[in-house]
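Architecture and fold: a report
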Amino acid sequence: MPLSKPLPAELDPSARQLVTDLRRLRDHSELTMRQLATKTGYSAKSWERYLGGTSLPPRAAVEALARITATDPVPLLALREIAVGTWGSRRARAWVRRGQVGVEQAGPTQEERSAPEPRAPARFPHLALTAGVAALAVALLSALLLVLRLDDDATPAVITAAPRSAAPSPPTSYTCHITRIQGRWSAGINKGRNTEIGYGDSGADVAEAQCLLRRAGISPGGIDGMFGPLTLRAAKTFQQREGLTVDGMLGPHSWKALRG
């Protein structure tokens, strides 16, 4: 469900844009907070703070959300780097204005304590700090515009050079061999396993489910072993048709219905 709670008024424009983009990715993926926590390693409470604009998300959390939504993390990380320099000072001034000195939110979770935290900015004069942040923002935005204007041959090289989280390369394609074995449908890919799978998973179990969804007359997109948006939509359509819980997670009941 989309997040509709207004963001804090004291957020820097770059931090506001970062949180807005993270909200959009989460809404588009249709992941619940529990699923988001499972797939990224950061708790649901942490994601509520990140997406509510009350806590700056660690770099690793931004990269994890970009990875599971198949999004280029470079623009998100650029916004985060700009926000790091102003996050602490702006929120501190906002607390003073509200008379909330000494009042803090809930302490950090275990994964936030283990993640590297942004260092507090040095005490420069206000005008010098503002000018420095503005210059950095202009430089980063100019670099992003330059990347967008590069031709198709140059763009892959720029993206490849950026650091990305290591992820296993999925198989290129699978072939469905639909057969009826002892009264149960099989695609001949995952040896009849009924492993629970969901959005963001990959491998033979996902390819088996894609074949069986196609056999049931519901297209999951390509048979590529990637549980992406098209496969998620097909799984929910099948669950609704069969009178099952419509959550997009293919567990024992969904597998039983797929194998018929």
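Residues numbered from 1 in each chain as written. Predicted model: local features only at pLDDT ≥ 70, side-chain atom pairs only at ≥ 80, totals over all residues. Heavy atoms only, no water.

This part takes up the overall build of the chain. When helices and strands are counted, the chain shows 11 helices and 2 strands. Across the chain, every contact between residues at least 6 apart in sequence was considered, and the portion connecting residues at least 24 apart equals 57%. Surface exposure of the chain reaches about 15,000 Å², of which carbon and sulfur atoms provide 58%. (Helix = DSSP H or I, 4+ residues; strand = E, 2+ residues; numbered from the N terminus. Contact = heavy atoms within 4.5 Å. Areas by Shrake-Rupley, 256 points an atom, 1.4 Å probe, with all protein chains shown as cover.)

This part takes up helix H4 (residues 59-68). Taken across its 10 residues, H4 has 7 buried, putting it largely inside the fold. Within the sequence span of H4, burial applies to Ala61, Val62, Glu63, Ala64, Leu65, Ala66 and Ile68. Following H4 by one or two positions, alanine 70 adopts a phi angle in the positive range, close to 55°. (Buried < 20%, exposed > 50% of the residue type's maximum accessible area, 1.4 Å probe, protein only.)

To continue, consider unusual backbone geometry. Despite not being glycine, alanine 70 shows a phi value in the positive range, around 55°. On the basis of relative accessible area, alanine 70 is assigned to the exposed category, the value being 72%.

Our next topic: the nonpolar core. If you look at the biggest cluster of nonpolar residues, it comprises 42 residues, and the most contacted ones within it are Leu36, Trp47, Phe227 and Leu250. Breaking this core down by element, the ones donating at least two residues are helix H1 (13-29), helix H2 (33-40), helix H3 (44-52), H4, helix H5 (74-97), helix H9 (204-215), helix H10 (229-242) and helix H11 (252-259). When residues in this core are grouped by element, the largest group, 6 residues, is from H5. Setting aside its immediate chain neighbours within four residues, tryptophan 47 contacts Met33, Leu36, Ala37, Thr40, Tyr42, Gly52, Ala61 and Leu65. (Core = buried A, V, L, I, M, F, W, Y, C linked by side-chain atoms within 4.5 Å.)

Once that is clear, we can look at the packing of H2 against H4. Remark: H2 packs on H4, axes separated minimally by 10 Å, with the N-to-C direction vectors making an angle of 105°. Taken together, the axis directions place H2 and H4 in an arrangement best described as roughly perpendicular. Contact residues: Leu36, Lys39 and Thr40 in H2; Ala64, Leu65, Arg67 and Ile68 in H4. Of the residues contributing to the contact of H2 with H4, the split by class is 4 nonpolar, 1 polar and 2 charged. (Axes fitted to C-alpha atoms, helices over the stretch in contact; angles between N-to-C directions. Parallel < 35°, antiparallel > 145°, perpendicular 65-115°, else oblique. Nonpolar A, V, L, I, M, F, W, Y, C, P; charged D, E, K, R; others polar.)

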